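Take a look at the letters that make up each chain.
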Amino acid sequence: MSTLKITNLSKTYPNGVKALNNVSIELENGMFGLLGPNGAGKSSLMRTLATLQEADSGTATLDDIDILNQPAELRKVLGYLPQEFGVYPRISAEQLLDHLAILKGFINAKERKEMVKYLLDKVNLYDKRKKSVKGFSGGMKQRIGIAQALIGNPKLIIVDEPTAGLDPGERNRFYNLLANVGKEVIVILSTHIVDDVRELCTKMAIMNFGEIVYHGAPDTAINELQDKVYQKIIELQELEEYASRYSIISNKMVGGKPLIHISSDANPGDGFEKVKPNLEDVFFSKINTNNVLV
Ligand code: ADP
């Protein structure tokens, strides 16, 4: 069992944007979802943990490794699938993994061959091992991305926005793969897609404007909203009026009309019906969007 401990991590970019503001979280083995809207600071946190950029202050440790001061040590036990794992050369899946394993320090050819076979099997691409990675579908590319992140038995795996651009079938296969991987190590899944976290994670944090605004189990957060979420379909031109009278947490178009969810301690009447809260309600209520009118 490993422990990743992040304490008071802060980072302000030279342009003045405070991307991380006193971030503290502690996590152990399993799938951890880091949810937040675009610009929340998720990638900044992921890149800092992957030792690709420095923080201004704070600490981060993985067991006895001081991540900020011992980047080389951390890299030995890190698997990273960046937001843009963009270089797909015209070589086969097998050759690519073999090459990346050499870069990770696996110099024994026989050992490497075994490992590449194991990884291709694990991500269900063994049949495609001789095919050029360039021609792979989005889902297959992401699976190769996971295979390379698994080289060398990492203790910490970071995946940044991995399901963007995948079709529903590919997304499901990718979820299954990640769920399987996540049993044995710490996996941090950074995403703005609520479904990713609902399907996969038992623990999560929600980030907004560089801060952790919620940390806990998705179910706990959903339970906190029990009996507090009401919905109604309204007319488009009524939206502004409703926004001034109620605390709208989300607004979705259904058949051309806004379906609004509001949070309210008591039944508001007025044609609203109570709904079972979901993770999307949690997400929007925690990030307190003011963009329901746009
Ligand atoms: P997320 O991954 O949640 O979308 P990011 O960590 O990419 O968020 O960005 C957080 C904030 O920091 C955003 O306002 C973004 O514009 C800003 N930002 C990210 N990288 C840089 C950079 N290299 N220089 C300046 N600002 C940056």
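It should be noted that the structure appears before, not after, this text.
Let us look at the structure shown here. (Residues numbered from 1 in each chain as written. Predicted model: local features only at pLDDT ≥ 70, side-chain atom pairs only at ≥ 80, totals over all residues. Heavy atoms only, no water.)

Now for the overall build of the protein chain. Scanning the protein chain for helices and strands turns up 10 helices and 14 strands. Taken along its principal axes, the extent of the C-alpha atoms in the protein chain is 70 × 45 × 35 Å. Of the roughly 14,800 Å² that the protein chain leaves accessible, carbon and sulfur atoms contribute 47%. Averaged over its 35 positive side-chain charges, the protein chain has a centre that lies 8 Å from the centre of its 36 negative ones. (Helix = DSSP H or I, 4+ residues; strand = E, 2+ residues; numbered from the N terminus. Areas by Shrake-Rupley, 256 points an atom, 1.4 Å probe, with all protein chains shown as cover. Lys, Arg positive; Asp, Glu negative; His and termini not counted. Charge placed at Lys NZ, Arg CZ, Asp CG, Glu CD.)

We now examine the sheet that holds strand S1 (residues 3-12). Spatially, four strands are ordered S2-S1-S4-S5 in an open sheet, and the strand pairing comes out antiparallel. Here the strands that pair on one side only, and so sit at the sheet edges, are strand S2 (18-28) and strand S5 (65-66). Relative to S2, S1 runs antiparallel, the two being bridged by seven bridges. What sits directly across from Thr3, in S2, is Glu28. (Pairing = 2+ DSSP bridges.)

Looking now at the pairing of strand S7 (residues 156-160). The two faces of the sheet receive side chains in turn, since in a regular strand these alternate between them. With five of five residues buried, S7 lies mostly within the body of the structure. On S7, burial covers both faces: Leu156, Ile158 and Asp160 on one face and Ile157 and Val159 on the other are all buried. Two strands pair when backbone bridges link them, and S7 and strand S8 (residues 186-191) are joined in this way by five bridges, in the parallel orientation. The partner of Ile157 across the bridge, within S8, is Val187. Once the chain exits S7 it traverses helix H6 (residues 168-181) before rejoining the sheet at S8, and the crossover so formed is right-handed. (Buried < 20%, exposed > 50% of the residue type's maximum accessible area, 1.4 Å probe, protein only. Right-handed = clockwise from strand over helix to strand, strands pointing away.)

Counted according to the given criterion, the structure contains 13 salt bridges. Close ionic contact of Arg112 with Asp98 constitutes a salt bridge, the shortest N to O distance being 2.8 Å. Here Arg112, found in helix H4 (residues 109-122), pairs with Asp98, found in helix H3 (residues 93-103); they are 14 residues apart in sequence, far enough to count as distant. Classification of Arg112 as buried rests on a relative accessible area of 10%. We note a salt bridge from Arg245 to Asp270, for which the minimum N-O separation is 2.7 Å. Note that Arg245 is positioned in helix H9 (residues 239-245) and Asp270 in the loop between strand S13 (257-263) and strand S14 (273-274), a separation of 25 residues in sequence. Judged by relative accessible area, Asp270 falls into the partly exposed class, the value being 34%. Connected through shared salt-bridge partners, Lys232, Glu241, Arg245 and Asp270 make up one network. (Salt bridge = Lys/Arg side-chain N within 4 Å of Asp/Glu carboxyl O.)

Summed over all chains, the structure comprises four aromatic pairs. Every member of this aromatic cluster is reached through a ring pair, and the members are Tyr242, Tyr246 and Phe272. In this structure, Lys117 is placed above the aromatic ring of Tyr126, and the distance from its NZ or CZ to the ring centre is 5.3 Å. One Lys or Arg, Arg129, reaches over the ring of Tyr126 and ends 4.0 Å from the middle of that ring. (Phe/Tyr/Trp six-rings, centres within 6.5 Å; stacked < 30°, edge-to-face > 60°. Lys NZ or Arg CZ within 6 Å of the ring centre and 35° of its normal.)

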